[in-house]
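Listed here are the chains, written in short residue letters.
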Amino acid sequence: MSDRRDDGQEEGDWEYAKEGIALWLNNKPDEAEQHLHRRTDNLQTMIAYTFINCMNAVISFEMEKIERAQQVLQSVEQRCGGNQNGWFQSVKSIFFGSSDAPKSLALRLETQIILADTQLCSAILTFLTQDLSGYMKGIWLLKKAWNEYQQTHTELVSLYGRLKARRSTENAVARRPKYGIVQSVSEYLLGNALSARFFERPAAKMPRSKSTGHNLSTAAPVGAQNPSNNSISMRTSQSAEFTAANPLPDIDVATVERLMGAVNFGYGLFQLSVSLLPPNILRMISFLGFEGNRNTGRSCLEYSRSTDDIRAPLATLALLWYLTIGTQIFASTDLSTRDASRDAAAILAQTDEQYGSSSLHLFFKGRVARMRSEIDSALEYFQQAYRVAAQSEMRLLCLHEVGWCHLIRLEYDDAMEAFHCLGHATQFSKSFFIYLVAICQGASGKFDDLPILRTELQHHLQATTAKETEIQRFLSGRHSRMPEESDEATFWRYLIFEMLFLWNTLEICSPAVLDAIADDCAKPQGTITEPIPGVAKLILGTCHELRGRPSDAIQAYRECIEIRREVSTEFLHIPAFAHVRLALLLLAHGGSQEREEARNLLRNAQQFKGYDFECRLSVRINAALKQVGA
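Residues numbered from 1 in each chain as written. Predicted model: local features only at pLDDT ≥ 70, side-chain atom pairs only at ≥ 80, totals over all residues. Heavy atoms only, no water.

Caption draft 1: Broad picture of the nonpolar core. One finds Phe-419, Tyr-435, Ile-496, Phe-497, Leu-500, Ile-517 and Ile-539 to be the most contacted residues of the largest nonpolar core, which totals 179 residues. In terms of residue count, helix α6 (residues 105–127) provides more of this core than any other element does, 13 residues in total. In contact with Leu-500, not counting residues within four places along its chain, are Trp-404, Leu-407, Ile-408, Leu-410, Thr-505, Leu-506, Cys-509 and Ile-517. (Core = buried A, V, L, I, M, F, W, Y, C linked by side-chain atoms within 4.5 Å. Buried < 20%, exposed > 50% of the residue type's maximum accessible area, 1.4 Å probe, protein only. Helix = DSSP H or I, 4+ residues; strand = E, 2+ residues; numbered from the N terminus. Contact = heavy atoms within 4.5 Å.)

Next up, the structure:
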């Protein structure tokens with residue numbers, strides 16, 4: 001046990017807490033909990049324990065785990081004085097003073113960051129409820145976290161500039177400042193007026209990823225060995241403020257750099273979280289004075305993971321999640337699958353020595369392999385991760401990926417087995433796994449149990465007491481199309497193809513699988529029974545597009561749109577996606593006339609409302625309209 005300083009904080013607490021997180025990441029959750037419980041009297045170990053609980057909740061989506069994490073977050077927030085930040089407490093402190101013992105500067109800044117972290121994590125867990133009241137509470141928590149991060153980051157940048165100026169005059173050697181990223185983050189956080197006070201010239205350029213511009217190199221930046229030659233300096237007018245009458249605070253550069261890593265982790269996670277919210281929520285929060293920027297979020301997390309703070313490995317996990325999962329869920333806009341997989345692979349290579357045997361590390365390796373259509377390798381990684389995982393949540397997550405890998409290869413029986421196990425092992429979205437089992441059974445020609453599964457799905461959908469979510473609306477619509485009796489496997493295969501399309505996994509399928517899907521979907525319209533009119537032509541067009549046959553794809557999309565002109569207004573995602581995909585193809589392969597048609601198609605697509613995955617498609621529509629100058 002290390003000695004204590006005068007401020008009551010234990011030397012090396014953050015290092016000790018970081019060891020606990022490393023134990024958790026390396027498949028030793030029980031040892032991690034015991035390790036952290038040995039020091040329950042300091043904030044660093046408390047926030048490390050909190051992060052572990054939050055990760056368990058996010059991985060499992062189980063309400064019990066989410067509620068447990070919320071309780072831990074509330075406890076830490078109270079420890080940080082979060083309940084004393086209200087209007088009454090502020091007025092009371094003005095007139096009567098504070099009853100708290102004075103804190104050192106380092107401890108005060110650390111406390112502010114931890115308080116913001118608890119509010120951000122609470123917001124993320126609240127958003128998992130997916131109802132309007134949850135969104136409103138989450139937005140309020142995000143606003144509180146924003147204020148804490150902004151205030152703390154402003155103070156840290158000021159401190160860093162002052163200490164850097166002193167250290168430069170003493171010709172001290174810089175530690176690991178990562179100046180290029182710090183400057184860009186600071187400018188975004190503080191705004192032009194404030195950031196200009198601390199940074200005089202552009203930072204030295206660092207090696208960047210071709211796809212995003214983010215630094216992925218482990219080499220030291222130019223000038224890092226000689227701070228006097230670096231590009232960050234203070235303005236003379238600012239230096240004049242810190243004279244003998246206003247001496248430098250008692251805090252060292254290494255602590256400030258670590259705390260910069262801490263605040264950038266929270267702010268980076270904040271940026272990514274906000275940027276992934278539905279458009280209607282984004283419009284709402286824009287009135288509160290903050291927004292989400294994915295590139296800024298990545299820059300913040302890249303900086304954080306390069307520091308020694310306890311959040312560095314968590315920043316790595318957040319980046320890997322965004323690159324391997326987030327970019328697929330929100331297919332589209334700023335990062336291609338190839339670029340995302342390349343950046344994720346670079347991060348995994350950097351952390352392989354430390355976390356190579358971690359179940360999470362193996363899981364993300366599997367996700368990268370899946371993005372590259374290397375399904376055999378992906379299955380091997382997921383199965384390895386399943387075997388070494390010490391937590392049931394991780395095993396279920398790996399089993400889910402195994403099921404999807406088999407589904408991508410149209411191996412219906414193997415996929416059904418995985419989804420069947422998931423439906424019995426987890427409380428989260430049982431109705432979703434029942435649906436997956438049902439369509440896999442139908443696609444493989446096993447019709448005997450389908451009436452039972454249909455009834456079971458209906459029971460779970462009706463028994464849900466929470467507000468209906470997007471996935472529940474999706475399942476209710478598909479349940480309405482499931483026949484009482486069936487003897488046609490193609491009908492059920494169309495539902496699987498629709499799943500692959502909507503979950504953005506058709507592009508991962510091998511050429512042989514795409515050709516097999518196209519053969520099913522190319523059958524004459526009068527000889528097939530579609531669960532949803534037009535779905536076969538939509539999938540056929542996508543298969544042709546992915547196989548490099550744009551003229552055939554354009555024809556299939558046109559036929560899909562024509563079919564939908566004569567049917568009801570149900571399942572509007574079919575014509576909406578057909579309009580958008582046709583428009584994008586015309587933009588890519590046509591001339592000025594096709595460009596005008598593409599603009600009209602995109603505007604028509606905007607008229608469809610209330611369909612499955614509308615939020616995701618609306619992002620693509622807006623991006624495409626900007627491309628054509630509409």
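Now that the structure is up, let's keep going.
Caption draft 2: Representation of the packing of helix α19 (residues 430–443) against helix α22 (residues 489–502) within the structure. Look at α19 against α22: their axes get within 7 Å of each other, and the N-to-C directions meet at 135°. Taken together, the axis directions place α19 and α22 in an arrangement best described as oblique. Seen from above, α19 lies across α22 with left-handed handedness. In contact with Phe-432, Tyr-435, Leu-436, Ala-438, Ile-439, Cys-440, Gly-442 and Ala-443 of α19, α22 contributes Ala-489, Trp-492, Arg-493, Leu-495, Ile-496 and Met-499. For the contact of α19 with α22, a count of residues per class yields 12 nonpolar, one polar and one charged. (Axes fitted to C-alpha atoms, helices over the stretch in contact; angles between N-to-C directions. Parallel < 35°, antiparallel > 145°, perpendicular 65-115°, else oblique. Left-handed = near helix turned anticlockwise from the far one by under 90°. Nonpolar A, V, L, I, M, F, W, Y, C, P; charged D, E, K, R; others polar.)

Caption draft 3: Molecular detail of unusual backbone geometry. Located in the positive-phi region is Phe-571, a residue other than glycine, with phi close to 55°. Mapped onto the fold, Phe-571 is located in the loop between α25 (550–564) and α26 (573–589). Classification of Phe-571 as buried rests on a relative accessible area of 14%. You will see that Phe-613, though not glycine, has its phi angle at about 60°, which is positive. Mapped onto the secondary structure, Phe-613 falls in the loop between α27 (592–605) and α28 (614–628).

Caption draft 4: Seen up close, the environment of Leu-115. With respect to the helices, strands and loops of the structure, Leu-115 is situated in helix α6. What makes Leu-115 buried here is its relative accessible area of 4%. Considering only alpha carbons, one finds Leu-115 and Lys-144, 29 residues apart in sequence, at a separation of 9.4 Å.

Caption draft 5: Representation of the packing of aromatic side chains in the model. Using the criterion set out here, one finds 17 aromatic pairs in the structure. Here the aromatic rings of Phe-363 and Phe-382 are separated by 5.7 Å at their centres, their planes lie at 50°, and the arrangement is tilted. Of the two residues, Phe-363 sits in helix α15 (residues 359–371) while Phe-382 sits in helix α16 (residues 375–388), which places them 19 residues apart along the sequence. For the residue pair Phe-363 and Phe-382, the accessibility class agrees, reading buried in each case. Put simply, the rings of Trp-404, Phe-419, Phe-432, Phe-433, Tyr-435, Phe-474, Trp-503 and Phe-613 pair up and form one aromatic cluster. (Phe/Tyr/Trp six-rings, centres within 6.5 Å; stacked < 30°, edge-to-face > 60°.)

Caption draft 6: Representation of helix α12 (residues 294–305) in the model. Helix length check: α12, at 12 residues, gives a terminal C-alpha distance of 16 Å against a target of 16 Å (1.5 Å per residue), a fit within 8%. Of all 12 residues in α12, 11 are buried, a share of seventy percent or more. Inspection of α12 places Arg-294, Thr-296, Gly-297, Arg-298, Ser-299, Cys-300, Leu-301, Glu-302, Tyr-303, Ser-304 and Arg-305 among the buried residues, and these make up the whole buried set. (Expected span 1.5 Å × (residues − 1).)

Caption draft 7: Expanded view of helix α23 (residues 511–521). Buried within α23 we find Val-513, Leu-514, Ile-517, Ala-518, Asp-520 and Cys-521. The buried residues of α23 occupy an angular sector of 160° when the element is viewed end-on, so they sit on one face. Within α23, the exposed residues directed more than 90 degrees away from the buried face are Ala-512 and Asp-519. For α23, the secondary structure elements touched by its buried residues are α17 (392–408), α22 and α24 (535–546). (Arc of directions from axis to C-beta.)

Caption draft 8: Representation of the environment of Glu-530. Along the chain, Glu-530 falls in the loop between α23 and α24. A sequence separation of 39 residues divides Glu-530 from Phe-491, and the C-alpha atoms of the two residues are 5.9 Å apart. Once you skip the residues sitting within four places of it in the chain, Glu-530 turns out to touch Phe-491, Tyr-494, Gln-525, Val-535, Ala-536 and Lys-537. Here the side chain of Glu-530 touches Gly-534 through a polar contact of 3.3 Å, landing on its backbone nitrogen. (Polar contact = N/O pair within 3.5 Å; in protein donor to acceptor, adjacent residues only side chain to side chain.)

Caption draft 9: Structural context of the pattern of salt bridges. All told, the structure shown has 30 salt bridges when counted by the stated rule. Asp-309 is the partner of Arg-311 in a salt bridge, and the nearest nitrogen-oxygen pair spans 2.7 Å. Each of the two residues, Arg-311 as well as Asp-309, counts as buried. Where Asp-352 meets Lys-365, a salt bridge forms, and the shortest distance between an N and an O atom there is 2.9 Å. You can see Asp-352 sitting in helix α14 (residues 337–355) and its partner Lys-365 sitting in helix α15, a full 13 residues away along the chain. When salt bridges with common partners are traced through the structure, they connect Glu-110, Asp-117, Arg-258, Asp-309 and Arg-311 into a single cluster. (Salt bridge = Lys/Arg side-chain N within 4 Å of Asp/Glu carboxyl O.)

From the geometry alone we can't say anything about function, so treat these as descriptive.
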